[in-house]
Amino acid sequence: MRFLIGIFVLLCGVLPAHAVEGPALERGTAITDPAGLRELDRGRLALGRMMWPARSADIPLTSAQLFALPSMAPVRRALDGEFDRYIAGHKANLPNETIGVGTSFDFQLFDRAQLYSQDSRFVLSGIVNRMDRAFVSPESCGEVRLIYRLTRTTAAPTGEGATSPRLPMTLNIVLKASGDAAIDGSGVAITCSGIARRWLDTAGLPLTGADLAVKLLARDGPLDLVRPENIDRIETNLQIAHAPKSPVRDFRTDYLLKVFRYNAPTQTFEEAPLENQIDRDRILADEGLKREFRAWLLDPAHLGEFDRGTVLIPEKFLATGAIASTPVGFAPSNLQPAYGLMPGDGTTKDPVFGISDVVTALSKAAERGVSLQNIRSVAGFERRLNDTTCSGCHQTRGIGGFHFPGVDWMAANPSNSTAVPASPHFFGDQIRRRDILTALRDGTPPDYSRGFSSRPQLRGSTELAGTEYDDGWGAHCYQQKPGAKNNDRSFKSWTCTEGLACQVADKATRMGMCFVGDRQGKALPTVQ
């Protein structure tokens, strides 16, 4: 198991950004060109220009200046409160393991002084189209995300292959794709179809650097509509603590996830629940809330949305912060957000959902004509409980706790940087996202459904066949046994490509990773 986790961490950290031969997987759906992002960061998409548009200076906004803005005061208070609770919880639960800033501690805390420093700033490290989320806000045509990476500014990178002193934190500005304007700068009506066309038209651009930035910001470009007045919220993801491997524990890294929604009347970013982040502890402690959540989620209509990945769980059941611990492996663990919600997790508390509850709900949904794509078993329901949450998704095929750590254009040689801009989950999802963009462009009803976080939804495409994103070396898999009745219907397609076999990491779930097998297709012995 430790060997598999180590291999997976290695996979996530060193695979090239475009491991698939041919066009970039993120063509038309994201902007990852290092030189282009550098130019955009020097212009109106710099964090300072987005968060403080009235500011006349083009000098980069420092972290100290950012968190001194009145609009960011609630953000700083909330982050400080999360740090205080994390430290208090650690001391109560792990009193024999020290915690603090620096390598002398067992749990090494993120240095908040760096977050609020004059010597650091957030650098634009990627732009991602999320119009696949238009089912949440059809009137806004979904979202566009500007992703910034916290970076120290006092030490410039030197030497061949040197990387910039980036810190493990991202800040995402989430904008409405269409905003409130009815027409664009050319007097043309703004539609979801038109916005999707702008993005897809960038797929074959042979441009980089300043030329690319000019094209993207042009009146007919995809970034022309990205403006401060379209900001909906900001999202933060920071590595709050890291515990190196020791005689008493394996290595572990915890990531803090937060969301802050913009309140126009007060002109501040206010703490908000994370979408679908089930508040496990609060629900398990409240019998009334437990019954209400069970009844709501198992309703056939909601169960169908849950299966398709388009469910929006009411905020009364959600948390305003989450810790995504990595790595969690393949076996059920109390580090997973849904641990304890189903029986058999080793918890002494009464679970929210019994096996009979789920079986009955699946049967009732079928009777009412609800077609289920993913959840075809109790195990499928339990897996969806985890990966529908923010933290559960970030624990799955991520780079640490990130799905988009971002392009490092401040590196000495950014085009050859060993740090990939995004996770296997991110790259694997681009086919689905581009399919939705194409449907929006063409005016056909989009299919907003998504599969499990562990395996991409291919939609008939063979582009990912044999790669680590789908069924190639290092992909997540389910060990198949002879006879359909011996295999879980939720995971029957989770096989490995020819020449590889599913090496099981957890015998109970039969989940594992695709590695080289012997001539009979059996996995080779695990290296200890």
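Residues numbered from 1 in each chain as written. Predicted model: local features only at pLDDT ≥ 70, side-chain atom pairs only at ≥ 80, totals over all residues. Heavy atoms only, no water.

Novice: For this particular structure, what's the right way to read the pairing of strand β5 (residues 143–152)?
Specialist: Working note: regular strand, side chains alternate between the two faces of the sheet. Burial analysis of β5 places nine of its ten residues in the buried class, which makes it a mostly covered element. Pairing of strand β4 (residues 120–130) with β5 involves ten bridges; the strand directions are antiparallel. Across the sheet, the residue bridging to V123 is R149, located in β5. As defined by bridge partners, β5 adjoins strand β6 (residues 166–176) across eight bridges and the pair is classed as antiparallel. From the neighbouring strand, R145 faces β6, where its bridge partner is V174. (Buried < 20%, exposed > 50% of the residue type's maximum accessible area, 1.4 Å probe, protein only. Helix = DSSP H or I, 4+ residues; strand = E, 2+ residues; numbered from the N terminus. Pairing = 2+ DSSP bridges.)

Novice: What exactly am I supposed to notice about the nonpolar core here?
Specialist: In a soluble, globular protein the nonpolar side chains are often hidden away together inside. Counting 67 residues, the largest nonpolar core has L66, M72, F122, I127, L146 and I173 as its most contacted members. Judged by nonpolar contacts, the second largest core, of 27 residues, contains L284, F293, L318 and L362. (Core = buried A, V, L, I, M, F, W, Y, C linked by side-chain atoms within 4.5 Å.)

Novice: Would you take a moment to explain the environment of S493 for this structure?
Specialist: Within the secondary structure, S493 is located in the loop between β11 (476–478) and β12 (500–506). Residue S493 is classed as exposed on the basis of its relative accessible area of 52%. For the pair S493 and C477, spaced 16 residues apart in sequence, the C-alpha to C-alpha distance is 8.6 Å.

Novice: Would you mind going over the side chain of Q336 with me for this structure?
Specialist: With respect to the helices and strands, Q336 occurs in the loop between β10 (322–326) and α12 (355–367). Residues in contact with Q336, not counting those within four places in the same chain, are R280, V328, A331, N386 and Q395. (Contact = heavy atoms within 4.5 Å.)

Novice: I would appreciate a short explanation of the packing of helix α10 (residues 287–298) against helix α11 (residues 300–308) in the present structure.
Specialist: Packed helices, taken two at a time, are described by the angle their axes make and the gap between the axes. Taken N-terminus to C-terminus, the directions of α10 and α11 make an angle of 75°; their axes are 5 Å apart at the nearest point. Compared by their axis directions, α10 and α11 come out roughly perpendicular. Facing α10, whose interface residues are W296, L297 and L298, α11 presents P300, H302, L303 and F306. (Axes fitted to C-alpha atoms, helices over the stretch in contact; angles between N-to-C directions. Parallel < 35°, antiparallel > 145°, perpendicular 65-115°, else oblique.)

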